[in-house]
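This is what each chain is made of:
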Amino acid sequence: MMKYRFLFLLLGIIARAFGQDSDLPNDFLKDTFHKQRREKLREKLPANSVAVFFANPVRNRANDVDFIYHQDPDLFYLTGYREPHAVLLVFKDMQPASNGNYNEIIFVQPRNVRAEMWNGRRLGDNGVRTQLGISPAFNNRDFARYGIDFSKFDKILFFDFKNDVRDVASDSSDLSDLIRQFKIKIKYPDSRNLVLQKEPPPTNLDTQGLESIMDQLRGIKTQEEISLIRKAVKISCQAQIEVMKAIRPGMSEREIEGIHQYVFKKYQAEDMGYPSIVGAGHNGCILHYIDNYKPQITNKELILMDLGAEFHGYTADITRTIPVNGKFSEEQKLVYELVLKAQEAAMKICKPGTSFTSIYQATKEIIDKGLIELGIAKPGERHNYYPHGCCHHIGLDVHDRGPYEVLEENMAITIEPGIYIPENSPCDPKWWGIAVRIEDDFLVTRGGFEHLSVLGPRTVKDIEETMKLPSPLDAFVLPDLDKTEKKD
Ligand SMILES: [Mn+2]
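In this text, all values refer to a predicted model and were calculated from it rather than measured experimentally.

What follows deals with the overall build of the protein chain. A count of helical and extended segments in the protein chain gives 13 helices and 19 strands. Based on the C-alpha atoms only, the size of the protein chain along its principal axes is roughly 75 × 70 × 45 Å. Relative to its full complement of 488 residues, the protein chain shows a buried share of 49%. Here the contacts in the protein chain between residues at least 6 apart in sequence split such that 70% fall between residues at least 24 apart.

A cluster of nonpolar side chains, namely Leu473, Phe476 and Leu478, defines an oily patch on the protein surface of about 320 Å² accessible area. With respect to the helices, strands and loops of the structure, Leu478 is situated in the segment after α13 (460–468). The class of Leu478 is exposed, set by a relative accessible area of 59%.

Across soluble globular proteins, you tend to see nonpolar side chains buried next to one another. Ranked by internal contacts, the top residues of the largest apolar core, which has 101 residues, are Leu41, Phe53, Ile256, Ile303, Ile413 and Ile419. At 11 residues, helix α9 (residues 223–246) tops the list of elements feeding residues into this core. Residue contributions to this core reach at least three from each of two domains, namely domain 1 (17–215) and domain 2 (220–475). Those residues within four positions of Phe53 in sequence are excluded, and the remaining contacts are Leu41, Asp74, Leu75, Leu78, Ala86, Val87, Leu88, Phe159, Leu210 and Met214. Of all hydrophobic cores here, the second largest spans 22 residues; its members include Val52, Ile156, Ile179 and Phe182.

This part takes up the domain arrangement of the protein chain. Many analyses report the size of an interface as the accessible area lost when the parts associate. Taken domain by domain, the protein chain consists of domain 1 (17–215) and domain 2 (220–475). On a C-alpha basis, the centroid separation for the pair domain 1 and domain 2 is 36 Å. Roughly 1300 Å² is buried in total at the junction of domain 1 and domain 2, and carbon and sulfur atoms are behind 54% of that figure. Viewed at the interface, domain 2 and domain 1 are joined by 3 salt bridges. As a salt-bridge pair, Glu211 and Arg401 come within 3.2 Å of each other at their nearest N and O atoms. Our enumeration of links across domain 1 and domain 2 arrives at 5 residue pairs in polar contact (both at pLDDT 80 or more). Put simply, the parts of the chain that give the side of domain 1 that touches domain 2 at least two residues each are α2 (31–44), α3 (73–79) and α8 (209–219). The biggest single contributor to the side of domain 1 that touches domain 2 is α3, with 4 residues.

Analysis parameters
Residues numbered from 1 in each chain as written. Predicted model: local features only at pLDDT ≥ 70, side-chain atom pairs only at ≥ 80, totals over all residues. Heavy atoms only, no water. Helix = DSSP H or I, 4+ residues; strand = E, 2+ residues; numbered from the N terminus. Buried < 20%, exposed > 50% of the residue type's maximum accessible area, 1.4 Å probe, protein only. Contact = heavy atoms within 4.5 Å. Patch = residues over 30% accessible without salt bridge, like charges linked within 9 Å, V, L, I, M, F, W, Y side chains within 5 Å. Areas by Shrake-Rupley, 256 points an atom, 1.4 Å probe, with all protein chains shown as cover. Salt bridge = Lys/Arg side-chain N within 4 Å of Asp/Glu carboxyl O. Core = buried A, V, L, I, M, F, W, Y, C linked by side-chain atoms within 4.5 Å. Domains from an automatic or database assignment. Buried area = accessible area lost by both parts, 1.4 Å probe. Polar contact = N/O pair within 3.5 Å; in protein donor to acceptor, adjacent residues only side chain to side chain.

Right, dumping it as structure tokens:
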């Protein structure tokens, strides 16, 4: 008996060592990461200031069903907190308090046995202190009466409110109430608040300054972030590979989207970083085509697939364009290789010091020249076959925060030139319906770049070779639902 008791004791110690909740993955960003981010923010704050961050609102989908909750990326970056109805304050200087000075404070939704049984576990103020390491932490219902004299700060930095937050009548300290209470505390000039209108508006409110501070912080990735981005990118590349192997004429755009998403989730990615764009034929010309409704993709079409897994908050952004039947036609190949050449030209100059504009220019020059050589565009005429930019940061947002001037070491970016030739374009109809985008993810390194999405086949040859490989989905044949009958 004693032996067993000892074993249980040992198991208990091991379980506690791995955190009290073994239902959670253990590769999230650590509390030390978020703490260090708050310290970096504090360094960048102006003298005698406070920065205030609110949680994202809960969004209603319909009736009593909400959209899956997604934290505001700035608040997540600074805390790791993934629940709604919270506000974080980061102070430049130590604030005096009778029970100890503090330079940050957070108010979060309280524990609630009944709510947690319906809607999931909450950290509560205690969990935020012990698991996220943020102190002091209070219940959000304490925010209204918590005494902070905001008039003493030279600057109160916050993102201005969009007035699109629902007030939950049964909860007097939800996000809507936290915002309302904050506005009263800082004497926010709110046209709906008639009492305050009589006073001149305070001069220490700053709704602009945080933008560039957070851009500077989030634009340069730490090693912890890079490893999560690497993972998201790798998962997304594998999803593209599996589709290349599995795709057959006759499948639907939705089915292709589903294969990508199965692979994402197989590798524990929580979600897509943005709705997958899966457009066959002419649909590829719609830049943000997310309907994915085409019931049958046909033999001679290209299919453009722009997607990214979101892994522990960080998202990839990878586009591959492939021939549905496994072989590029002559015209498809000519356009494809032109886009590839443009991407290669941009990659050649991808290094610290290069401007975002010159990356775009490098792709634009190649595409303009190539379109004329192919007879698709006419010399001296403006065309609309390449209507978008080609480079953005990736991270907690797919179009991530960051400075958009010159590339710096440890920026994570995309390079994504494209050519789109919709029906009725002023060129030979043989080009109509060809839409190609090639998008890869890169880490800017000291000497140049690391091609993060190198795993995803990108050349005509590599794509056609990959598409010849057998797919595990070849064996996954489901019955025709119209022909399945229930047997008693
Ligand atoms: Mn992109």
